[in-house]
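Chain by chain, the residues run as shown.
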Amino acid sequence: MGSTHFYLEYLMALHSLLGQYYHNPAIFAIEYSLAPGAQYPRQPDEVFSGYLHALSVAGSGDCVCVMGDSAGGSLALGLLSDLRKSGMLSKEFRERPAFMVLVSPWMTLVSENHRNSQDDYLSSESLHHFARLYAPDETGCIVRDVASPSVFMRTGWRSLGPKYGYYIWYGKNELLAPDIREAIQRLRKLGASVHVDAREAGGRSLHVWPLISFFLASDQNRRLEETKSIVAAISTLTSKNVD
Amino acid sequence: MSLMEFLSLVGTLPHMNVLSIGADWLEVIEVPAVVIRRVRIALRLSSVPAECFDRHATVFEALAVRCARYAHFNLPPDILQAFFHKNVTYPFLRFRMLRHLYIWSPVDWQEISDVTVSPCVKGIWIRKDATKDPDIVLYYIHGESAPCRQRAAPSRCLANCRNRGWFCDGLYPLLS
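The paragraphs below set out a description of the structure included in this document. (Residues numbered from 1 in each chain as written. Chains lettered and ligands numbered in written order. Predicted model: local features only at pLDDT ≥ 70, side-chain atom pairs only at ≥ 80, totals over all residues. Heavy atoms only, no water.)

Some words on the packing of helix H8 (residues 209-216) of chain A against helix H9 (residues 220-237) of chain A
All names here are of chain A.
Alright, step 1. Two elements in contact, H8 and H9, have axes whose closest approach is 7 Å; the angle formed by their N-to-C orientations is 150°. The angle between H8 and H9 places the two elements in the roughly antiparallel class. Seen from above, H8 lies across H9 with left-handed handedness. Facing Trp209, Pro210, Ser213 and Phe214 of H8, the residues of H9 in contact are Arg222, Arg223, Leu224, Glu226, Thr227 and Ile230. (Axes fitted to C-alpha atoms, helices over the stretch in contact; angles between N-to-C directions. Helix = DSSP H or I, 4+ residues; strand = E, 2+ residues; numbered from the N terminus. Parallel < 35°, antiparallel > 145°, perpendicular 65-115°, else oblique. Left-handed = near helix turned anticlockwise from the far one by under 90°. Contact = heavy atoms within 4.5 Å.)

What about the pairing of strand S4 (residues 166-171) of chain A?
Regular strands show a simple pattern: their side chains alternate between the two faces of the sheet.
All names here are of chain A.
Alright, step 1. For S4, the tally of buried residues reaches six of six residues, placing the bulk of the element in the interior.
Alright, step 2. Burial along S4 is two-sided: Tyr166, Ile168 and Tyr170 facing one way and Tyr167, Trp169 and Gly171 facing the other are all buried.
Alright, step 3. Both strand S3 (residues 99-103) and S4 contribute to a ladder of four bridges, which runs parallel. Following the sheet pairing, valine 101 is matched in S4 by tyrosine 167.
Alright, step 4. Relative to strand S5 (residues 194-199), S4 runs parallel, the two sharing six bridges. When the sheet's bridge partners are listed, tyrosine 166 is paired in S5 with valine 194. (Buried < 20%, exposed > 50% of the residue type's maximum accessible area, 1.4 Å probe, protein only. Pairing = 2+ DSSP bridges.)

Thoughts on the pairing of strand S3 (residues 136-141) of chain B
Alright, step 1. Most of S3 of chain B is tucked away, with six of its six residues classed as buried.
Alright, step 2. Residues Ile136, Leu138 and Tyr140 of chain B point to one face of S3 of chain B and Val137, Tyr139 and Ile141 of chain B to the other, with burial holding for every one of them.
Alright, step 3. Sheet topology places strand S1 (residues 25-30) of chain A next to S3 of chain B; five bridges connect them, and they run parallel. In the strand pairing of S3 of chain B, alanine 29 of chain A is matched with tyrosine 140 of chain B.

Here's the deal with the interface of chain B and chain A
Many authors give the size of an interface as the accessible area that is lost as the parts come together.
Alright, step 1. Between chain B and chain A, the contact holds 63 residues from the first and 82 residues from the second.
Alright, step 2. For the pair chain B and chain A, the two sides together bury roughly 7000 Å², of which 62% comes from carbon and sulfur.
Alright, step 3. Put simply, chain B and chain A have 32 residue pairs in polar contact (both at pLDDT 80 or more) between them.
Alright, step 4. Listed by contribution, the elements that provide at least two residues to the side of chain B that touches chain A are helix H4 (53-56), helix H5 (59-74), helix H6 (77-83), helix H7 (86-99), strand S1 (109-114), strand S2 (121-127) and S3 of chain B.
Alright, step 5. Examining the composition of the side of chain B that touches chain A, we find that eight residues originate from one element, H5 of chain B, more than from any other.
Alright, step 6. Class assignment of the residues belonging to the side of chain B that touches chain A gives a composition of 31 nonpolar, 13 polar and 19 charged.
Alright, step 7. Two elements, S1 of chain A and S2 of chain B, share five bridges in a ladder whose sense is antiparallel. Bridge pairing in S2 of chain B places isoleucine 30 of chain A opposite glycine 123 of chain B. (Buried area = accessible area lost by both parts, 1.4 Å probe. Polar contact = N/O pair within 3.5 Å; in protein donor to acceptor, adjacent residues only side chain to side chain. Nonpolar A, V, L, I, M, F, W, Y, C, P; charged D, E, K, R; others polar.)

Here's what the structure looks like:
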């Protein structure tokens, strides 16, 4: 939602939680150009450059975990596609990330599956309007399918995907829930390892709630509950637990 | 807004299309309506389903989410992005740190800008020990805000509100 500085406090907490499982954790948060000032494919290009920068510090994709929320989740999946296009994955698949965490990912820019929820703060109208600002075609009104992960995910995605698979968090009561469920099914059909944390409808089921609760929740347990689950999943599923 | 118009909002009159004036004003009373709704839930005067967010949220959470909904529905992109700009969010972070007696950041972080590559890379590194190789690098890609510059037609907006049960459960007590 906006800028890396808005996320800074959350990232500090995330870094601290990673420190419980890793000796020397590092986080790189990319600052990319925002729509409507910049349009597709500017954002995916900047995310790709950022990944190469993170790789240069990490040394290998084996210790890189990509995490994205909302539109960031969409860009994270687009990164995999861009890696394949660039030919990097042909180098014994060394450069693909080890793991990918997607929090309420925006899988399809425009979809009939986007149904307004009674509780969620997003509306399908505002989302689709933003999609048209982000990825217009030549006529300026039709969104490109190539910018939607659920569309460009095709056969071969398993070899393309992260080494240890995906961890997807979403709220069952959020606007994007039906679309995310469909994308998860598609990923599984393609043979990807997908671990899902779907929060029941209720107090924790809004769009990107792990981040929202960090700022809104009244006590520390509620504030970090979902993020702790995410960090534990990163540690467990990548088998890098050093404790 | 006349009384007749207001009554039509809460469903006592069936025709919503007569409402083309006063929709902005209505948004002002949405906030106290949320508070009333939350209090009624707490007092068990409201039969809100268990899966409803407001039933589990605190008053502050319910209000904040409602404000976020308003922003996403109504504010133009440039205004909304101003709230997330560094010049706004960083002082806010410093305030939150000072509130907990943190004068200096408890974590080392650094802004970087690499213009030697195309497109240039900008971002923030948070590292525990930069002199050693990290055993994990979390590459974080944040989301964008999803603003709606085109406001919904007032009658449509009001119909949406009514369909979501806000008036029945939130505003109706104001009249009864």
